[in-house]
Structures are given as structure tokens and as C-alpha cells.
Amino acid sequence: MTESAAGSPAKEPGDRGRTTIADGVVEKIAGLAAREVVGVHAMGSGSALSRSFGAVRDRVPGGGKAAVSRGVKAEVGETQTALDLEIVVDYGVAIREVARAVRENVISAVERMTGLEVVEVNIAVSDVKLPDEPDEEPETRLQ
């Protein structure tokens, strides 16, 4: 470490200033990490109707949260974060195993990318996607 003209140790360039991470950044990272887990059908509200409304709302400029962060709520402090996720699982999966895998993947991604300590990941399973249920409407482009 070098010394400044006043005799006190000079800070390294990387230590001069603060870095803050917005809740929305952590929510996007967590949302993408949760979707990577096999058995997670969707994020957010359980009913197909409300997911469809959400898909339409996401396509309207200024219509709401980005699709990647739907179903995710983060509380970010200076060094720690806590997350609440709402997921829809596929029928036939072991829900506890899917929840465990989601927790592990989310914690790993958030801690690796942000440097924040994830203190908890609460998961609410709001619905099960049955094999005979139609999928949401495919996304269409507005012209």
C-alpha cells in the first residue's frame, strides 16, 4: 500500500467510491436463475389467465415489471439480500427438490454476480401446470 502526501495510506483505485445494486438487478438475476431449473414451468401468479394478462402487460411500454423479474421480490441492503419467489411447477416433479434446486441456483447466481450475501430465498409454489392444460398464448409481435 502506498502512502498519501498526508502520511495516511492511500486507497487502491477500486476502493474509492461506493457501488450500489438496485433491487431490480437482483430480481432479474434471480428470475433468470430460477427459470433455468428443470421443473419450473413459470414464475409469478398461478393462474393461466393472470399469466396471460401479465404477458400482455409486459409487451406494453411502461406496462409493468419485465418478464424476467415477474414473481421475484428482492430486498437489497449494503451487503446482504433476501428474496421471495413465486413459481409454477410442472406436474409430476418433486416440489421440494425443485424448490431446493431453485434456491441453490438463485443463491449461486446472485452471490457470484453481485457479491451480496443471500440470507434467505423464500419460495411459494402457487400452481401446478398439468399436462393437458394449454400453454399460454405464444408471444406475438405488435405491428
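Coordinates for the structure precede this section.
A brief look at the structure comes next. (Residues numbered from 1 in each chain as written. Predicted model: local features only at pLDDT ≥ 70, side-chain atom pairs only at ≥ 80, totals over all residues. Heavy atoms only, no water.)

## Observations concerning the pattern of salt bridges
(1) Moving on: Under the counting rule described, the total for this entry stands at two salt bridges.
(2) Moving on: Here Glu-104 and Arg-100 are joined by a salt bridge, their closest N and O atoms 3.0 Å apart. Here the residue Glu-104 and the residue Arg-100 both occupy positions in helix α3 (residues 95–114), the gap between them amounting to four residues, near one helical turn.
(3) Moving on: Residue Arg-100 is classed as partly exposed on the basis of its relative accessible area of 37%.
(4) Moving on: Through salt bridges with shared partners, a single network forms among Glu-97, Arg-100 and Glu-104. (Salt bridge = Lys/Arg side-chain N within 4 Å of Asp/Glu carboxyl O. Helix = DSSP H or I, 4+ residues; strand = E, 2+ residues; numbered from the N terminus. Buried < 20%, exposed > 50% of the residue type's maximum accessible area, 1.4 Å probe, protein only.)

## So, the pairing of strand β3 (residues 80–90)
(1) Moving on: Looking at chain direction, strand β1 (residues 40–43) and β3 are connected through three bridges and run antiparallel. Bridge pairing in β3 places Val-40 opposite Val-89.
(2) Moving on: As paired strands, strand β2 (residues 72–76) and β3 are joined by five bridges and run antiparallel to one another. Residue Val-72 lies in a different strand from β3, and its bridge partner there is Leu-85.
(3) Moving on: In sequence, β2 turns back onto β3 through a hairpin of three residues.
(4) Moving on: For β3 and strand β4 (residues 117–129), the ladder comprises eleven bridges, and the chain directions are parallel. Directly across from Glu-86, in β4, lies its bridge partner Ala-124.
(5) Moving on: Read as a crossover between parallel neighbours, the route from β3 over α3 to β4 is right-handed. (Pairing = 2+ DSSP bridges. Right-handed = clockwise from strand over helix to strand, strands pointing away.)

## Some points on the packing of helix α1 (residues 23–35) against α3
(1) Moving on: In the contact formed by α1 and α3, the axes pass within 8 Å of each other and the chain directions differ by 140 degrees. Relative to α3, α1 is oriented oblique. Crossing of α1 against α3: the hand is right-handed. Side by side, α1 and α3 meet where Val-26, Ile-29, Ala-30, Ala-33 and Ala-34 of the first sit next to Val-102, Asn-105, Val-106, Ala-109, Val-110, Met-113 and Thr-114 of the second. (Axes fitted to C-alpha atoms, helices over the stretch in contact; angles between N-to-C directions. Parallel < 35°, antiparallel > 145°, perpendicular 65-115°, else oblique. Left-handed = near helix turned anticlockwise from the far one by under 90°. Contact = heavy atoms within 4.5 Å.)

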